[in-house]
Amino acid sequence: MADATANSAESKLKDAAAAGGVSAIYRGWFSEISPLWPGEANCLKMEEIIFQQKSKYQDILVFKSATYGNVLVLDGVIQVTERDECAYQEMIAHLPLCSISNPKKVLVIGGGDGGVLREVSRYSSVQQIDICEIDEMVVDVAKKFFPRLAIGYEDHRVRVHIGDGVEFLKNVPSGTYDAIIVDSSDPIGPAEELFKRPFFELVAKALRPGGVVSTQAESFWLHLDIIEGIAANCRQIFKGSVNYAWTSIPTYPSGMIGFMLCSTEGPPVDFRHPVHSFDEGGSHDTAKEPLRYYNKEIHSSAFCLPSFAKKVLEPKSK
Ligand code: SAM
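Described below are features of the structure shown in this document. (Residues numbered from 1 in each chain as written. Predicted model: local features only at pLDDT ≥ 70, side-chain atom pairs only at ≥ 80, totals over all residues. Heavy atoms only, no water.)

**Description of the overall build of the protein**
Inclusion rule: To qualify as a helix, a DSSP run of H or I must reach at least 4 residues; to qualify as a strand, a run of E must reach at least 2; elements of each kind are numbered from the N terminus. Type-normalised accessible area, obtained with a 1.4 Å probe on protein chains alone, sets the label of each residue: buried when under 20%, exposed when over 50%, and partly exposed for intermediate values. Any two residues whose heavy atoms approach within 4.5 Å are treated as being in contact. A 1.4 Å probe and the Shrake-Rupley method give the accessible areas. Residues count as covered only by the protein chains that appear here.
Helix and strand counts for the protein stand at 10 helices and 13 strands. In the protein, which comprises 318 residues, the proportion classed as buried is 56%. Partitioning the contacts of the protein with sequence separation of at least 6, the portion at a separation of at least 24 is 69%. For the protein, the exposed area adds up to about 13,300 Å²; of that, 54% sits on carbon and sulfur atoms.

This is how it looks when you write it as structure tokens:
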């Protein structure tokens, strides 16, 4: 089941990627047109293009929008807007980290804009934050045009590695991290390998027993088959638990995006009931900004799925 589902989903993405993105700028509007979400496109009114260059890995565009602040676009796909980034960065980081006690070593893969680093640095228990981002130009652009996200790089516990997340993990000793957060772009281009079984196997090896991983896991409105494939693979690899949660975010296609939350065999992790709460303090608030989206109620409710998705992603226990 796992391989067949995962392979068919992956080949669909490959075909979509081959068709190439055709995002367009027309009469002052940016339209996020992509074969990954056929027949629909999110549009944002632009005020000014402030950066546009092709890096070794992808096209990078930054524009000032009329209503969402600065916007980062990679290969025609919106990655971050200043107005709604909190819905993604806070949830992808706090859903795993609030589910375990006293995380010490955390790895971020991708996440070049620095927003996840900003969130991880809120935990006073964390001693080491590694980030492996493949594209140094994304880091430089974030520092220049997204200061409220790139503040994450200013924390003294952060160690930046520029490189491919798959290669980085191959050199990580077993059981190194309490948590790994995979803040990747979509599974086309440089992030393609970050959605495949070998990568998840490397993540599982790099986590301690009862360690947790949180990955960007697409939208159940658009890619339920791909999510099903990812979940099937994860169930074979992560023997603790595998859970899909989601957040509402206006500027991602379908207005939401999901996360796959898994734990390795070992001390049990109940992702639905956080063991750490910012409401009762304990956060090390280096971000100089209070949380704008995450709270413990929204944590637990993030795992509630609509029936059509529940049927696929929460198969009846045998
Ligand atoms: N929040 C966004 C989303 O949900 O699509 C992701 C934002 S973040 C900018 C995505 C980052 O992943 C990019 O900076 C990209 O360069 C990085 N990335 C893609 N493939 C990678 C890989 N194989 N190893 C490390 N970083 C990678």
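**Regarding the sheet that holds strand β5 (residues 70-74)**
Remark on secondary structure: sheet strands pair via backbone hydrogen bonds, oriented parallel or antiparallel. Counted only if it meets this: For two strands to count as paired, DSSP must find a minimum of two bridges between them. Inter-axis angles, ranging from 0 to 180 degrees, are taken between N-to-C directions of lines fitted to C-alpha atoms, where helices are fitted over the stretch in contact.
Within the open sheet, the 6 strands sit side by side as β1-β2-β3-β4-β5-β6. Their pairing is antiparallel. Every interior strand has two partners, whereas the edge strands, β1 (24-26) and β6 (77-81), have only one. In this sheet, adjacent strand axes meet at a mean angle of 45 degrees when their direction is disregarded. Where strand β2 (residues 29-33) and strand β3 (residues 41-54) come together, 5 bridges link them in antiparallel fashion. Looking across to β3, one finds that glutamate 32 is bridged to asparagine 42.

**Details of the environment of aspartate 178**
Inclusion rule: As used in this structure description, the phrase polar contact means that two N or O atoms lie within 3.5 Å; if the pair is within protein, one of them must be able to donate a hydrogen and the other to accept it, and residues adjacent in sequence are counted only when both atoms belong to side chains.
Note that aspartate 178 resides in strand β10 (residues 177-183). Judged by relative accessible area, which is 11%, aspartate 178 ranks as buried. In the structure, aspartate 178 is positioned 35 residues away from valine 213 in sequence and 8.6 Å away in space, judged by C-alpha atoms. Excluding residues within four positions of it along the chain, aspartate 178 makes contact with Ile100, Pro103, Lys104, Lys105, Leu207, Arg208, Gly211 and Val212. In terms of polar contacts, aspartate 178 uses its side chain to reach the backbone amide nitrogen of lysine 104, at 2.9 Å. Within the structure, aspartate 178 has its side chain in polar contact with the side chain of arginine 208 (distance 2.6 Å).

**Quick word on the sheet that holds β10**
Across the sheet, 7 strands lie side by side as β9-β8-β7-β10-β11-β13-β12; this open sheet has mixed pairing. Across the chains shown, the open sheet's two edge strands, defined by having one partner strand only, are β9 (158-162) and β12 (241-248). Each adjacent strand pair in this sheet contributes to an overall mean axis angle of 15 degrees, direction not counted. Against the sheet, helix α2 (residues 85-97) contacts β7 (105-110), β10, β11 (207-216), β12 and β13 (256-263), and its axis sits at roughly 155 degrees relative to β10. Running at roughly 10 degrees to β13, helix α8 (residues 224-237) makes contact with β12 and β13 of the sheet.

**Here we look at the packing of aromatic side chains**
Worth spelling out the cut-off: Any two of the Phe, Tyr and Trp rings considered here, Trp counted by its six-membered ring, make a pair once their centres fall within 6.5 Å; the pair's planes then place it as stacked at under 30 degrees, edge-to-face at over 60, or tilted in between.
Inspection of every chain in the model, using the stated rule, returns 10 aromatic pairs. Seen in terms of ring centroids, phenylalanine 30 and phenylalanine 63 are 5.4 Å apart; in terms of plane orientation they differ by 35 degrees. Their pairing is tilted. Here phenylalanine 30 is found in strand β2, whereas its partner phenylalanine 63 is found in strand β4 (residues 59-65), with 33 residues between them in sequence. Phenylalanine 63 shares its class with phenylalanine 30; the two are buried.

**Brief notes about the site of the ligand**
Put simply, the rule reads: Residues are counted as near a molecule or strand when any one of their heavy atoms sits within 4 Å of it.
Neighbouring the ligand are 25 residues; Gln58, Glu133, Asp164, Gly165 and Tyr252 lie closest to it. In the environment of the ligand, an oxygen atom lies 3.4 Å from a nitrogen or oxygen atom belonging to the backbone of serine 184. If the ligand stood free it would expose 600 Å²; the protein chains cover 99% of that surface.

**Focus: the nonpolar core**
Put simply, the test is: Among buried residues, those of type Ala, Val, Leu, Ile, Met, Phe, Trp, Tyr and Cys that are joined through side-chain atoms within 4.5 Å constitute a nonpolar core.
Core analysis: the largest hydrophobic core is formed by 39 residues, its most contacted members being Leu169, Ile180, Phe199, Phe238, Tyr244 and Met260. The biggest single contributor to this core is α8, with 7 residues. Judged by nonpolar contacts, the second largest core, of 38 residues, contains Tyr153, Ile181, Phe271 and Phe303.

**Section: helix α7 (residues 197-206)**
Turning to α7, its buried residues are Phe199, Phe200, Leu202, Val203, Ala204 and Ala206. The inward-facing, buried residues of α7 abut β7, α6 (165-170), β10, β11 and α8.

**Observations concerning the pairing of β10**
Burial of β10 is extensive: 7 of the 7 residues sit out of reach of the surface. When β7 meets β10, the two strands line up parallel, connected through 5 bridges. Across the sheet, residue glycine 110 finds its bridge partner in β10, namely aspartate 183. Bridge count between β10 and β11: 5 bridges; the pairing is parallel.

**Describing the pattern of salt bridges**
A side chain with one charge can pair with a side chain of the opposite charge if their charged atoms come near. Rules: Note on definitions: salt bridges are taken to be side-chain nitrogens of Lys or Arg within 4 Å of carboxyl oxygens of Asp or Glu.
What the rule picks out here adds up to 17 salt bridges. Put simply, arginine 157 and aspartate 155 hold a salt bridge, and the shortest N to O gap is 2.7 Å. In terms of burial, arginine 157 and aspartate 155 fall into one category: buried. Through salt bridges with shared partners, a single ionic network connects Glu85, Arg118, Glu119, Arg122, Arg148, Glu289 and Arg292.

**Some thoughts on the side chain of serine 125**
With respect to the helices and strands, serine 125 occurs in the loop between α3 (115-120) and β8 (128-133). Owing to a relative accessible area of 17%, serine 125 belongs among the buried residues under this scheme. A distance of 2.7 Å separates the side chain of serine 125 from the backbone oxygen of proline 103, its partner in a polar contact. Excluding residues within four positions of it along the chain, serine 125 makes contact with Asn102, Pro103 and Lys104.

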